[in-house]
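Coordinates in review
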2 protein chains.
Amino acid sequence: MTADPFVVIGGDAAGLSAASKCKREAPDRDVVVFEKGRWVSYAHCGTPYFVKGEVEQLTDLLSLSPTEVDDRGIDLRREHEVVDIDTDGRTVSVRAPDGDRVEQPYGDLLVATGAHALTAPVGGSDLPGAFSLHGLDDAAAIRAALEPPGEATPESLGGGDYLDPAVIDRYAAWEPPETVAIVGGGSVGVEMSEAFTARGLDIHLFQRSGHVLDPFGEAVAERVETELRERGVALHMETEVERLAGDDRVERLECAGGTALDVDLALVGVGVRPNVGLVADTPVELGESGAVAVDDCGRTAVDGVYAAGDCAEARHTVTGEFDWVPLGLTANRAGRAVGQTVAGDPKPTGDIAGTAVVKAFDQECGRVGIVDHERARQAGFDPVTETITTASRSGYYPGAAEIVVSLTADRESGRLLGGTIVGTDRAAVRIDTVATALEGDMTVDEVENLDLAYAPPFSPVWDPVLTAAKVLNGSLEETAGN
Amino acid sequence: MTADPFVVIGGDAAGLSAASKCKREAPDRDVVVFEKGRWVSYAHCGTPYFVKGEVEQLTDLLSLSPTEVDDRGIDLRREHEVVDIDTDGRTVSVRAPDGDRVEQPYGDLLVATGAHALTAPVGGSDLPGAFSLHGLDDAAAIRAALEPPGEATPESLGGGDYLDPAVIDRYAAWEPPETVAIVGGGSVGVEMSEAFTARGLDIHLFQRSGHVLDPFGEAVAERVETELRERGVALHMETEVERLAGDDRVERLECAGGTALDVDLALVGVGVRPNVGLVADTPVELGESGAVAVDDCGRTAVDGVYAAGDCAEARHTVTGEFDWVPLGLTANRAGRAVGQTVAGDPKPTGDIAGTAVVKAFDQECGRVGIVDHERARQAGFDPVTETITTASRSGYYPGAAEIVVSLTADRESGRLLGGTIVGTDRAAVRIDTVATALEGDMTVDEVENLDLAYAPPFSPVWDPVLTAAKVLNGSLEETAGN
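Everything quoted here is computed from the prediction, not taken from an experiment.

So, about the sheet that holds strand E12 (residues 234–236) of chain B. Residue and element names in this part refer to chain B. Taken in spatial order, the five strands make up an open sheet running E9-E16-E10-E11-E12, and their pairing is parallel. Each end of this open sheet is capped by a strand with a single partner; those strands are strand E9 (130–131) and E12. The pairing of strand E11 (residues 202–206) with E12 spans three bridges and is classified as parallel. Note on E12: the bridge partner recorded for Leu205 is Leu235. This element, helix H6 (residues 187–198), spans strand E10 (179–183), E11 and strand E16 (265–268) of the sheet and lies at about 170 degrees to E11.

In structure tokens form, the structure reads like this:
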């Protein structure tokens, strides 16, 4: 007799990666995936480009259709919400679409419940016309609101089988907005600035702190702020939005200092939090970050229960501690590893380095590791940062553009801690060099001596990362010498 | 009293990097650089783009002018050829422009004599109209021959103070060629195909082996060959050119098999060899490669004598053995390290990984480490290679293009040995990820778990390098399982 099924809660990146890998490695094992919504396995990071219009159809953003999931032998149940986990009885309680409760025994359980967009700090976020961007339903509703009245339908948006027609109809009836507020200058806020600009809107971006893209550090932020302003985005820095107001839809934005602005639409992107409500009453433990605590193979404190993706922690390669950085690759990779572990061949989920890239109009931004000095000191390091500006290619070669690289290291050991990059010419992918060096526990001296590629169309003789390492190394040596 | 001067033979990348670094670290030390030609510190790799016309002036390719070198306090003597080294007496013998011999004592000596283009295998390479591309004089002569009669002058080419007017005048008088033969399908041959195509010429490329770009492996070669053919370059593969013939200029190309072709101009790019003639009669030793043998700080077998750049070996990061891979970054870095060592603060020149990138029209190609199986076996490895084709960005994002990644690993240890990349969309710089992983002595398993960047405009969720590692790792595990 085979074991009880491998039950997965959540049908997105981590959940379906786990289900697919387990089924491939152990074809006889029953695998059941419960997804409370209709969508499965979609590219969340592509939604700004759907709103922008560069991606035509929502279905373009699906990695797998439900049919393809079925074809893999996975028992996928959409619109099935797991409402309770009984870790003693190894059973989950599920609300089916008809409202009935079903008890499902499990042999192994993966909690892959993802994260949700924070809106709480901003009052009125539940008004029509106030959106967050967390999933395809949000993206569809925003695009329906942007298109000429009556034009958008679930079918025209590529979401005929998935979208709630009532929501689309409501926003499709609206006159397109003219003035839009973006609350929050993180990746979503920056990407949506580009999307709304492409739609010809008047955009006001509100950021509570002094810089956009906080995790990317000042050198990146300054370039991006310049770019946003040049593109006509009005930046309201160090400005806390208190609430969105209006009668039956968002009409006004009010700030803590008393500033107010009439707006037709608002996008709130002030962060995400892990979906951990389901494990609150179970012995599954949370880490300090508030996400589910796991070991290197994604196992929680409870036997047979795993967690992966945006709801779970992972080990940070620089600090060696568990941390919460919800990103797409992490979810896919951790899910896949858990699937293999459940299939009987334990596999670590892999460390994370907090590697992230974002496009801000023509500026390509990257960050990895620990670049914030306070955070570095908390982790026991004595951080030193150097920032250089150089050419992306040989200076004489057409297309050479400025690129800015920051590297941060520990003064005593010379160990590389993190880095950031910004520039218009192939800047983003270069962050992978820094990410790989971090994973290799390299010192700045070792980074300076990397044999990186050179040819005039692609790089100067000294790659920008090498130049940054050279300068930072000089700084470290001076300190050591004095 | 200060020591005898630091004498440098060769005023290009390695030589001037060493001179500059030594002077900066030890300003009281006399530094003398002998350069037999007129040019110093130029970007050799930019010459194809000068011929193409994308770089207007030869002077655009100079990193430093002679005046700037003087300003650094370096005693630069151009058109001074070192003709003899007496390592017992610590003296070099120099032929000055007026033909006089000067004896110059040295405290430390750097041999940075570079490399020269091989032409020997091809008869008639000394005929007018037969060129190699090794330096700015060659580049200027070729461009003079391509321009309408009477148009090119040393001044118009940006080489007024440097070029030999007689050579430029001769080629400036020619009718522009219509049919050009390129002998050799290495990087120079491929880059010059692009340059000549931009000039509207009819191009025939002859390659002795079965593929162009041998060091880049088959997966890259196949894409590049397709690209070259699509651009109208006639490829003559497995065809050995025996000689170039003509009365007073190149008029015909003759192959070993009897094939002959009428041509107006020929470019011979069949490889380079280190310039080591000067040390032949000294106790300075050569390595197996034929280049000067050095230790990790660039020291030769003789006390006080260093070698760096295209004439010297360097340690290969994969084999741990000394090897000869003449490339721009290696020369700059090794020169700089020698300068620091001579100034009293010993610094390793850094390992090499054979990292190279080349542009073939729209194809960006990269290679690093050991990818040839025979070479891998010679170094004691049991090589396994996997090649994958994937998208350069999320498939739904505009601009996504095919990218091909090959990774090679050792079967037993799983250690990464090398890799290649080819594609039209930011493919080349991604080789740096592989180079960094090699320097970190990573296994394929470690590479598979790298936290590389993902955002739809820049990369798929699984970066192409990760996908290749995943597939290769699967292959290695299967082998281990059986």
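The subject of this paragraph is the domain arrangement of chain A. We note that the domain assignment places domain 1 (6–37 + 79–115 + 273–342), domain 2 (130–270) and domain 3 (362–475) within chain A. For domain 1 of chain A versus domain 2 of chain A, the separation of C-alpha centres amounts to 31 Å.

A word on the pairing of strand E22 (residues 363–369) of chain B. All names here are of chain B. Within E22, seven of the seven residues are buried, which leaves it mostly tucked inside the rest of the structure. Pairing of strand E21 (residues 356–360) with E22, which is carried by five bridges, proceeds in the antiparallel orientation. Looking at E22, one finds that Val358 is bridged to Cys365. Hairpin connection of E21 to E22: two residues between the antiparallel strands, including Phe361 at a positive phi of 55 degrees. The pairing of E22 with strand E25 (residues 416–423) spans six bridges and is classified as antiparallel. Bridging from a neighbouring strand, Gly366 pairs with Ile421 of E25.

Residue and element names in this part refer to chain B. Here helix H4 (residues 136–146) crosses helix H5 (residues 165–172) at 30 degrees, and the two axes come no closer than 7 Å. Here H4 lies roughly parallel to H5, going by the angle between them. As H4 packs across H5, the resulting crossing turns out to be right-handed. When H4 is examined against H5, the residues Ala140, Ala141, Ala144 and Ala145 are found in contact with a partner set consisting of Val167, Ile168, Tyr171 and Ala172. Here the residues of the contact of H4 with H5 sort into eight nonpolar, no polar and no charged.

Val111(A) and Val111(B) are the most contacted members of the largest nonpolar core, which totals 328 residues. Setting aside anything within four residues of it in sequence, one finds Val111(A) in contact with Ile9(A), Leu278(A), Val279(A), Val292(A), Val305(A), Tyr306(A), Ala307(A) and Cys311(A).

What counts and what doesn't
Residues numbered from 1 in each chain as written. Chains lettered and ligands numbered in written order. Predicted model: local features only at pLDDT ≥ 70, side-chain atom pairs only at ≥ 80, totals over all residues. Pairing = 2+ DSSP bridges. Helix = DSSP H or I, 4+ residues; strand = E, 2+ residues; numbered from the N terminus. Contact = placed C-beta atoms within 7 Å. Axes fitted to C-alpha atoms, helices over the stretch in contact; angles between N-to-C directions. Domains from an automatic or database assignment. Buried ≥ 20, exposed ≤ 12 C-beta atoms within 10 Å, placed from the backbone. Parallel < 35°, antiparallel > 145°, perpendicular 65-115°, else oblique. Left-handed = near helix turned anticlockwise from the far one by under 90°. Nonpolar A, V, L, I, M, F, W, Y, C, P; charged D, E, K, R; others polar. Core = buried A, V, L, I, M, F, W, Y, C linked by C-beta atoms within 7 Å.

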